[in-house]
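Understanding the architecture of this molecule
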Amino acid sequence: MFKILEANELANNIFQMIVEAPRVASACLPGQFLIIRVDEEGERIPLTICDYDREKGTVEIVVQAIGAETFKLGKLKAGDELADVVGPLGKPSDLCEESIEDLKKKKIVFIAGGVGTAPVYPQAKWLKEQGVDCDVIIGAKTKDLVILEDRFKKVCNLHITTDDGSYGRSGMVTKALQDLWDEGNKYDHCVAIGPMIMMKFVCKLTQELGIPTIVSMNPIMVDGTGMCGACRLTVGGEVKFACVDGPEFDGHKVDFDQAMNRMKLYKTEEGRLLLKAQEGDTHHGGCGNCN
Amino acid sequence: MDGFVRVPVREQDAKERATNFKEVCLGYNKEEAENEATRCLNCKNPKCVQGCPVSIDIPAFIQQVKEGDVEGAYQTISKSSALPAVCGRVCPQESQCEGQCVRGIKGDPVSIGKLERYVADTAREMGIKPAGATEKKNKKVAVIGSGPSGLTCAGDLAKMGYDVTIFEALHEAGGVLVYGIPEFRLPKDAVVKKEIENVKSLGVKLETDVVIGKSVTIDDLMAKEGFEAVFVGSGAGLPRFMNIPGEQAMGVFSANEFLTRSNLMKAFDENSRTPIMRPKKCVVVGGGNVAMDAARTALRLGAEVHVVYRRGEEELPARKEEVGHAKEEGIIFDLLTNPVEIHADENGWVTGITCIRMELGEPDESGRRSPVEVPGSEFDIECDAVIMSLGTSPNPLISSTTKGLEINRRKCIVAEEATGQTSKEGVFAGGDAVTGAATVILAMGAGKAAAKGIDEYLSNK
Ligand SMILES: Cc1cc2nc3c(=O)[nH]c(=O)nc-3n(C[C@H](O)[C@H](O)[C@H](O)COP(=O)(O)OP(=O)(O)OC[C@H]3O[C@@H](n4cnc5c(N)ncnc54)[C@H](O)[C@@H]3O)c2cc1C
Ligand SMILES: Cc1cc2nc3c(=O)[nH]c(=O)nc-3n(C[C@H](O)[C@H](O)[C@H](O)COP(=O)(O)OP(=O)(O)OC[C@H]3O[C@@H](n4cnc5c(N)ncnc54)[C@H](O)[C@@H]3O)c2cc1C
Ligand code: SF4
Ligand code: SF4
Ligand code: FES
């Protein structure tokens, strides 16, 4: 069992947790993820490692409740335990492999959308620790959904944009990137993490602007160790397993349409389970939405 | 009875079992087992033993069954095998012990597998456990992977008195026994879990949720955590795909994904939170045990199932019993057939598969006749799911993170057969990780050999 030491709701249905997982904490690097099971009957759900403390043996996750499992997870409090935490999985971010000198020469921009904001944090923080500056664009639907703002401010040049203009710049992240570019920020490396649709459009833009772009893919997974092939996607015409070959890939080579399509695979069944979880005992069918 | 015919084993009716996940074979009762045991000739030079990869003293245990001494029979088997309830169920007996039995020359061979299963199941019901270590050695050994090879190696080392920890990547122990082989062939709670508890009762520690190579490396286990030897039994879990058009469509799965969802995650159970597709018409590509398991699982989830295999009936690598059971249950075999392309609708869901007919050509070096396409013989099978079951290879997670661990062209770890010794000092390996996908009993045999190898290595150190 893996103990939850801290649990907070950062925004509506977005939860941050600090969990005891010494093996993961001692080995993880930015860009990697872990898989948890909430309880003995739970599904295996992949989550990015948002921060870690090697000494305390803890990892931090930020999770958006969107389905049955993440909904259950969000209900847990400090002191509760998770049945399983396994990791770190996947390859560390490419940035960790590059020499610091090379990194310092680059103008790097991170584009974070929604809950994808959380996984950007360890990368920006890691760069800061290496003495490398970077820009981060956080995009959210509305002001209330902007998360981790204070922590980001300490490690990067932060630009916030909201779809409805309620905070920061106005419009989607692609508009913010275009504006920043037009304002004279000539980036030579971009990392985009967020919903697939956002990553797709960021990649379209960065291709036009000629900025090499890394994306972090989050397909459906089961084992996370390369055993099941559920997470496969096509990158540059080749089949890759996101859990072992990724999760980061060259965004200009990813077949997003196919990847987004594959996400729909369990949608109907999942939707039913979510209803069941939310409505608990009140869910007896008959509403016409399921069964 | 003239002794030429084996005592038939009771099975769940084919029609009924096609709709449930309960065990197909019900096994012998006492009377049936003792009857079948009388068919054994107690040969002086027992050929059956030569056919068993772990050399169980078959005539001895069968005599004990005949005499009604189940405990004795269990201890006889336990000297050679740590998982008899498993092997009695899943060994390809027709090509191993029973394939060699002299009774088989004229009539049916003795039902060695069913008798082994009877002994193991009865011993379990009676609460008989394998005997543990008498004396502790103060030496730590790490075992990576909790499949048959790892469990056997760990069990044997614990019996010798070593302090053994198994590290398992998944949340549950058992390897293919829990994630691959379905409930209707190998019950999880009643059989697999109990066998694992037996291994634990020998003092073996089990740490799940640890991916060696990611959570911690072999070098760190040895340098920082005090393990003096390591056994790698990480299996061959990496699935192959065909690289044909349409393979990324929704409704195309690897057998591993389909079976893992159903077995490990219990998706076959309506109450499970893990989703699984319940196809209407499903094509399973391949002809091995894995293909049979995927096909029979899909059938039980409500599908009409076609097995598409490029060679003929004789060449099907699956156990004969499984092929027979699959046919009885209504699975359709499209043999000498190979897929060319998978089709999907405008939303990306599978709608069908184009296949081509094959003929067998001349035998190749391995003696197997290789299939060749019959030009112009393409035809379509309508379906909403395709399950690829084309074999697996070892996962590179360990080989790529362990310095000095040699692998061969097929990505298998190179290890000496007799001792399991790899190219790296103190590191031993066995099972599918070394041989590529093989069988439970071969993996167990390798785990046993490595336990001996590790004991010799640590005794001389
Ligand atoms: C490598 C990786 C890292 C991730 N990191 C994070 C993270 O840091 N924080 C976070 O909140 N989420 C993250 N996710 C997504 C997270 O795993 C899913 O949101 C979660 O599995 C959904 O589980 P559920 O049971 O609550 O929802 P489900 O009931 O399974 O699904 C609800 C809906 O979400 C869709 N869905 C299913 N799986 C995913 C998925 N993997 N990604 C997105 N949508 C999905 C389903 O199609 C369905 O429509 C990550 C995913 C991957 C693969
Ligand atoms: C569906 C199916 C049906 C089969 N049917 C039969 C049959 O009827 N008869 C028969 O004899 N054989 C059968 N086999 C083959 C048989 O199951 C295997 O040959 C056998 O299980 C191999 O045992 P193993 O111990 O080498 O590996 P596995 O059983 O594969 O176990 C390996 C374990 O190691 C773990 N692992 C892998 N990498 C790591 C890591 N880096 N860190 C920690 N843990 C790790 C895995 O999660 C797994 O639990 C079947 C196989 C399948 C898939
Ligand atoms: S272990 Fe397998 S091969 Fe050996 S006797 Fe038992 S069933 Fe036969
Ligand atoms: S070969 Fe057959 S008859 Fe002879 S000892 Fe073995 S099981 Fe008995
Ligand atoms: S999640 Fe199973 S192979 Fe990637």
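Reference entry: report on the structure contained in this document. Since we're looking at a predicted model, the values are computed, not measured. (Residues numbered from 1 in each chain as written. Chains lettered and ligands numbered in written order. Predicted model: local features only at pLDDT ≥ 70, side-chain atom pairs only at ≥ 80, totals over all residues. Heavy atoms only, no water.)

1. Concerning the site of ligand 2
Residue and element names in this part refer to chain B. The test is simple: Residues are classed as near a molecule or strand on a simple rule: at least one heavy atom within 4 Å of it. Within 3.5 Å is the distance limit for a polar contact, defined as a pair of N or O atoms, with the added protein rule that one can donate a hydrogen and the other accept it, and that residues adjacent in sequence qualify only through two side-chain atoms. To measure how exposed things are, a 1.4 Å probe is used in the Shrake-Rupley method; for residues, cover is taken only from the protein chains shown. Think of it this way: any DSSP run of H or I at least four residues long counts as a helix, any run of E at least two long counts as a strand, and we number them from the N terminus. The classification used treats Ala, Val, Leu, Ile, Met, Phe, Trp, Tyr, Cys and Pro as nonpolar, Asp, Glu, Lys and Arg as charged, and all other residues, Gly among them, as polar. Either an automatic procedure or a domain database provided the assignment from which the domain bounds are taken.
Of all residues adjacent to ligand 2, which total 35 residues, the nearest are V90, S149, E168, R185 and D432. Contact between ligand 2 and P148: an oxygen atom at 3.3 Å from a main-chain N or O atom of the residue. Note that an oxygen atom of ligand 2 is positioned 3.3 Å from one of the backbone N or O atoms of T439. Considering ligand 2 on its own, with 990 Å² of exposed area, one finds that the protein chains cover 94% of that surface. For the shell around ligand 2, the secondary structure elements donating two or more residues are helix 9 (148–159), helix 14 (289–300) and helix 18 (440–460). Element by element, the count of residues in the shell around ligand 2 is highest for helix 14, at three residues. A class-by-class count of the residues in the shell around ligand 2 yields 18 nonpolar, twelve polar and five charged. Mapping the shell around ligand 2 onto the domain boundaries places at least three of its residues in each of domain 2 (140–236 + 393–460) and domain 3 (241–390).

2. Thoughts on the packing of aromatic side chains
Spelled out, the test is: Ring geometry is summarised as follows: Phe, Tyr and Trp rings, the Trp one being its six-membered ring, pair when their centres sit within 6.5 Å, and such pairs are stacked at plane angles under 30 degrees, edge-to-face over 60 and tilted between the two. Placement of a charge over a ring requires the Lys NZ or Arg CZ to be within 6 Å of the ring centre, with the centre-to-atom vector within 35 degrees of the ring normal.
For the structure shown, the criterion picks out seven aromatic pairs over all chains. Judged by centre distance (6.3 Å) and plane angle (85°), the ring pair of F241 of chain A and F241 of chain B falls under edge-to-face. Of the two residues, F241 of chain A is situated in strand 16 (residues 238–241) and F241 of chain B in the loop between strand 7 (238–239) and strand 8 (252–254); the pairing between them involves two chains. Among the aromatic residues, those joined into a cluster by ring pairs are F21, F184 and F268 of chain B. Sitting above the plane of the F227 of chain B ring, K140 of chain B keeps its charged end 4.5 Å from the centroid. For the cation-ring pair, K327 of chain B lies above F333 of chain B, with the distance from its terminal atom to the ring centre recorded as 5.6 Å.

3. Brief notes about the sheet that holds strand 5 (residues 205–207) of chain B
Residues and elements named next belong to chain B. Stated formally: When DSSP finds two or more bridges between two strands, those strands count as paired. In this analysis, axes come from line fits to C-alpha atoms, helices being fitted only over the stretch in contact, and the angle between any two N-to-C directions falls in the range 0 to 180 degrees. Here a residue-residue contact requires only that any non-hydrogen atoms of the pair lie within 4.5 Å.
Pairing is parallel in the open sheet, where five strands are placed in the order 5-4-3-6-18. With one partner strand each, in any of the chains shown, strand 5 and strand 18 (427–429) form the two edges of the open sheet. Strand-to-strand twist of the sheet, defined as the mean angle between neighbouring strand axes without regard to direction, takes the value 20°. Alignment of strand 4 (residues 163–167) against strand 5, held across three bridges, turns out to be parallel. For F167, the partnering residue across the bridge sits in strand 5 and is E207. Packing against the sheet, helix 18 makes contact with strand 3 (140–144), strand 6 (229–232) and strand 18, and its axis sits at approximately 170° to strand 6.

4. Describing the interface of chain A and chain B
Under the convention used in this document: By definition, the buried area sums, over both parts, the 1.4 Å-probe accessible area that each loses when the two are put together. Only one rule defines a salt bridge in this text: a Lys or Arg side-chain nitrogen within 4 Å of an Asp or Glu carboxyl oxygen.
Facing 44 residues of chain A, the contacting portion of chain B comprises 41 residues. For the pair chain A and chain B, the two sides together bury roughly 3,500 Å², of which 53% comes from carbon and sulfur. Considering only the surface of chain A that becomes buried against chain B, R23, M227 and R232 of chain A emerge as the three largest contributors, covering 22% of it. Summed over the shared surface of chain A and chain B, the number is four salt bridges.

5. Examining the sheet that holds strand 3 (residues 33–37) of chain A
Through backbone hydrogen bonds, the strands of a sheet pair up, either in parallel or in antiparallel fashion. Residue and element names in this part refer to chain A. Reading across from one edge, 4-3-8 is the order of the three strands in this open sheet, with antiparallel pairing throughout. The outermost strands of the open sheet, each flanked by one partner alone, are strand 4 (45–48) and strand 8 (84–89). Neighbour-to-neighbour, the strand axes of the sheet open up by a mean angle of 25°, direction not taken into account. As paired elements, strand 3 and strand 4 share four bridges and run antiparallel to each other. Counted as the bridge partner of F33 is T48 from strand 4.

6. Observations concerning the packing of helix 4 (residues 58–66) of chain B against helix 8 (residues 112–126) of chain B
Residues and elements named next belong to chain B. The test is simple: Orientation labels follow simple angle bins: below 35 degrees gives roughly parallel, above 145 gives roughly antiparallel, 65 to 115 gives roughly perpendicular, and whatever is left gives oblique. In this scheme, a crossing is called left-handed if the near helix is turned counterclockwise away from the far one by less than a right angle; it is called right-handed if the turn is clockwise.
It is the contact of helix 4 with helix 8, at a shortest axis distance of 11 Å, that shows an interaxial angle of 60°. Overall, the two elements helix 4 and helix 8 adopt an arrangement that is oblique. Our pair here, helix 4 against helix 8, has a crossing hand that is left-handed. For the pair formed by helix 4 and helix 8, the contact residues are I58, F61, I62 and V65 on the first element and I112, L115, E116, Y118 and V119 on the second. Taken together, the residues that form the contact of helix 4 with helix 8 break down as eight nonpolar, no polar and one charged.

Just distances and angles here, no functional claims.
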